[in-house]
Amino acid sequence: MRLWYTPTLRQHDVGVLFAGETNVMDQVIPPGTTFVTHGLCSGQCLRRGMGDLTKGIHVFAYVLHAHLLGRKIQTRHVRNGVQIGWLGKDSHYDFNYQQTRSFSEERVVLPTDDIVTECHYDSSARKNVTHGALSALDEMCFAILFYYPRVNMSWCTSHVPLRLQAEVVGIPADDNKSVWQYQKKPHPALLSALGRVTWNATTIASLQQLQMGRQRVSCESADGHRLIEASFTAEYPVFTALNDNDRKCPVH
């Protein structure tokens, strides 16, 4: 490793922004299927984080991150109802081959834009639900964006509230009373309730549909303070998407 020092400071400091799905146990990936989660970095959060910086931030590099179930990650850059580009894309994601990638041309993100990170998972080899958490056997869904000039914002993420997910997969209301009281680990009642779910095409489709609806936003500064109240929610943006244009790997 080589380190370079200079007495001449650069004009701007670099910032790091996590855009994707909030890393909480509310992330639910059903077993035995393919599934896509959508993490929203909403314009409401970007406006709070950028403050008076109306000209936006310049994104010059990124890292995409999921765990062992991750197969594809892509981060859409949306402006005025139209996807104008990608802030990260890996159609053949491999947990064991993660790297920082630089853009040939910087992307300018305005405070009125939206950033949507999609993570595609394959849980076909699993028999139990996978949650969002820190272990490699759990899951994550992030685009880690490197940008300048640095602003006081580090987390711009979202998740579908667990209560909504429980309702659509048929967890009875009497279970809901005790399920929600947990921090980093799920309440035992939640594990029991999810264990009774019949995972079939109907329940999986119902859970998948929630990903395109209203989500709870997590918007935090670099020092961990909330920029938006914890109860704030945002609607999934309606926009015209770019074609994925996935390249197929040759079969030998």
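The following refers to the structure shown. (Residues numbered from 1 in each chain as written. Predicted model: local features only at pLDDT ≥ 70, side-chain atom pairs only at ≥ 80, totals over all residues. Heavy atoms only, no water.)

Before going further, it helps to spend a moment on the overall build of the chain. For the chain, the helix and strand inventory stands at 5 helices and 13 strands. Here the chain holds 252 residues, and 49% of them are scored as buried. Summarising the internal contacts of the chain: among those between residues at least 6 apart in sequence, 79% fall at separations of at least 24. Only carbon and sulfur atoms are counted for the fraction: they give 53% of the accessible area of the chain, which is about 13,700 Å². (Helix = DSSP H or I, 4+ residues; strand = E, 2+ residues; numbered from the N terminus. Buried < 20%, exposed > 50% of the residue type's maximum accessible area, 1.4 Å probe, protein only. Contact = heavy atoms within 4.5 Å. Areas by Shrake-Rupley, 256 points an atom, 1.4 Å probe, with all protein chains shown as cover.)

Moving on: the pattern of salt bridges. Within the structure shown, the criterion is met by 5 salt bridges. A salt bridge links E118 to R76; its shortest N-O distance comes to 2.6 Å. With E118 in strand 8 (residues 114-122) and R76 in strand 5 (residues 70-79), the pair connects residues that are 42 residues apart, well separated along the chain. Take E118 and R76: they sit in the same class, and that class is buried. (Salt bridge = Lys/Arg side-chain N within 4 Å of Asp/Glu carboxyl O.)

Glancing now at the packing of aromatic side chains. Taken as a whole, this structure holds 6 aromatic pairs when the rule is applied. A ring pair is formed by Y62 and F103, whose centres lie 5.1 Å apart and whose planes are at 35°; its orientation type is tilted. Of this pair, Y62 sits in strand 4 (residues 57-65) while F103 is found in strand 7 (residues 101-109), placing the two residues 41 residues apart along the sequence. Accessibility expressed as a relative area gives 15% for F103, which makes it buried. When the ring of F142 is compared with that of W155, the centres are 5.5 Å apart and the planes differ by 65°; the resulting orientation is edge-to-face. You can see F142 sitting in strand 10 (residues 142-148) and its partner W155 sitting in strand 11 (residues 155-159), a full 13 residues away along the chain. Overall, the relative accessible area of 3% leaves F142 in the buried class. For W155, a relative accessible area of 29% translates into the label partly exposed. Linked through ring pairs, F18, F142 and W155 together constitute an aromatic cluster. (Phe/Tyr/Trp six-rings, centres within 6.5 Å; stacked < 30°, edge-to-face > 60°.)

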